[in-house]
Amino acid sequence: MLINCAAYAAGAKLADIPVADISDYLDRPGCFVWVALADATPEELDEMGQEFGLHPLALEDARCGHQRPKIEEYGDSLFAVMHLVEPSVGPRPALHVGEVDVFVGRNYVLSVRNRSRLGFLGVRERCEREPELLRHGAGFVLYALLDAVVDRYFPVIDALEVELEGIEQRIFTKGAARASIEQLYALKQRAIALKRAVAPLLEGVGRLHGGRVPPVCAGAQDYFRDVVDHLARINASIDAVRDTIATAIQVNLSMVAIEDSEVTKRLAAWAAIFAVCTAFAAIWGMNFEHMPELKWRWGYPAGLALMAGCCGLLYWRFRRAGWL
């Protein structure tokens, strides 16, 4: 579905144009065309491929979708894939991962957004409010799209950190260890999803500043360096969250083992107490003729008293040792 199709020159918007006129504006000197699509059909992609002369391998990746974040160079053009990470709506917290494919050439930018509710209208408005920067052409538009995607990662990592802090505060709450482990594993899955979006993109954007850079990005190297800095911060935060999750899982597993040990000790203590009664009952319950204490008047109450005394002594000892 076509969202926007506009032509720009000298940092200003010329007009919204129909798709059929794209080739005419591409021939104008100092002019570039910015097209935005959402959930594009194969027919729409093929039409854009003909208008902009896109590389067939890049078109195939955009048509198939579900690509790893990357930035590839095809001659004098670039093909960038970014993941759009958004909190999903539902009873269980999770992350919805969309995708945006960006084709960038000397005089065009084509963005194709898939499986995402959030658009980039704010990015276009921001670029149009900064004509001095928009003079850099397609390279600055690519930076603006990258920056918008990366900025959406910050609330996600902040939410992960806040949730992790809440789980850490409940780690030593009695009886909460198993529930905490389930929450930690769910949190780990979301951290991995964000890591898959950030780490490859950090590697790709790192090639857009310093040293040899694609010609289309030559005028915006400082801005790409800023995106790299943001990605590096997010990547470091993700690594810290994952390390903390691993430690918290180990602590929770230890708490589960300790709680199980406490139950085992209680059972062993009560078993030992009842074993005393069983032992005395077994001895005095043997029906032999020649037994000591058989016809003693106080034998029965004395036996009960002895068993109660032994059980009480064992209970006191186990209580003092912390087993009961």
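### Things to note about the pattern of salt bridges
Argument step 1. Taken as a whole, this structure holds eleven salt bridges when the rule is applied.
Argument step 2. K13 serves as the salt-bridge partner of D16, at 2.9 Å between the closest nitrogen and oxygen.
Argument step 3. Its salt-bridge partner being D239, residue K195 comes within 2.8 Å of it at the nearest N-O pair. Highlighted residues: K195 in helix α8 (residues 177-205) and D239 in helix α9 (residues 221-284), separated in sequence by 44 residues.
Argument step 4. The exposure class of K195 is buried, given its relative accessible area of 16%.
Argument step 5. Residue classification places D239 among the partly exposed residues on the basis of a relative accessible area of 31%.
Argument step 6. It is possible to trace a salt-bridge network through shared partners that takes in D61, K70 and E72.

### Describing helix α4 (residues 121-129)
Residues spaced three or four apart along an α-helix face the same direction, because each turn holds 3.6 residues.
Argument step 1. Turning to α4, its buried residues are V123, R124 and C127. Along the axis of α4, the buried positions cluster into a sector of 100°, meaning they face one direction only.

### Observations regarding the packing of helix α7 (residues 153-169) against α8
Argument step 1. Where α7 meets α8, the closest approach of the two axes is 11 Å, and the angle between their N-to-C directions is 155°. The angle between α7 and α8 places the two elements in the roughly antiparallel class. Handedness of the α7/α8 crossing: left-handed. Residues Y153, V156, I157, L160, E163, L164 and I167 of α7 lie in contact with α8, whose contacting residues are S180, Q183, L184, L187, R190, A191, L194, A197, V198 and L201.

### Overview of the environment of R178
Argument step 1. Mapped onto the fold, R178 is located in helix α8.
Argument step 2. On the basis of relative accessible area, R178 is assigned to the partly exposed category, the value being 48%.
Argument step 3. Beyond its immediate chain neighbours, meaning those up to four positions away, R178 contacts V256, E259 and D260.

### Quick word on empty space enclosed by the protein
Argument step 1. Applying the stated criterion to the full structure yields one cavity of 30 Å³ or more.
Argument step 2. What the largest cavity holds in volume is close to 60 Å³.

### Focus on the environment of V123
Argument step 1. Counting through the fold element by element, V123 comes out in helix α4.
Argument step 2. When the C-alpha positions of V123 and A271 are compared, they lie 71 Å apart, and in sequence the two are 148 residues distant.
Argument step 3. Other than its neighbours up to four places away in sequence, V123 contacts W34, A144, L145 and A148.

The rules behind the values
- Residues numbered from 1 in each chain as written.
- Predicted model: local features only at pLDDT ≥ 70, side-chain atom pairs only at ≥ 80, totals over all residues.
- Heavy atoms only, no water.
- Salt bridge = Lys/Arg side-chain N within 4 Å of Asp/Glu carboxyl O.
- Helix = DSSP H or I, 4+ residues; strand = E, 2+ residues; numbered from the N terminus.
- Buried < 20%, exposed > 50% of the residue type's maximum accessible area, 1.4 Å probe, protein only.
- Arc of directions from axis to C-beta.
- Axes fitted to C-alpha atoms, helices over the stretch in contact; angles between N-to-C directions.
- Parallel < 35°, antiparallel > 145°, perpendicular 65-115°, else oblique.
- Left-handed = near helix turned anticlockwise from the far one by under 90°.
- Contact = heavy atoms within 4.5 Å.
- 1 Å grid on protein atoms, 1.4 Å probe; cavity = no way out; pocket = protein on both sides within 12 Å on 5 of 7 lines; lining within 4 Å.
- Points joined across faces, edges and corners; volume = space filled by probe spheres on them.

No statement about biological role is implied by the geometric values presented.
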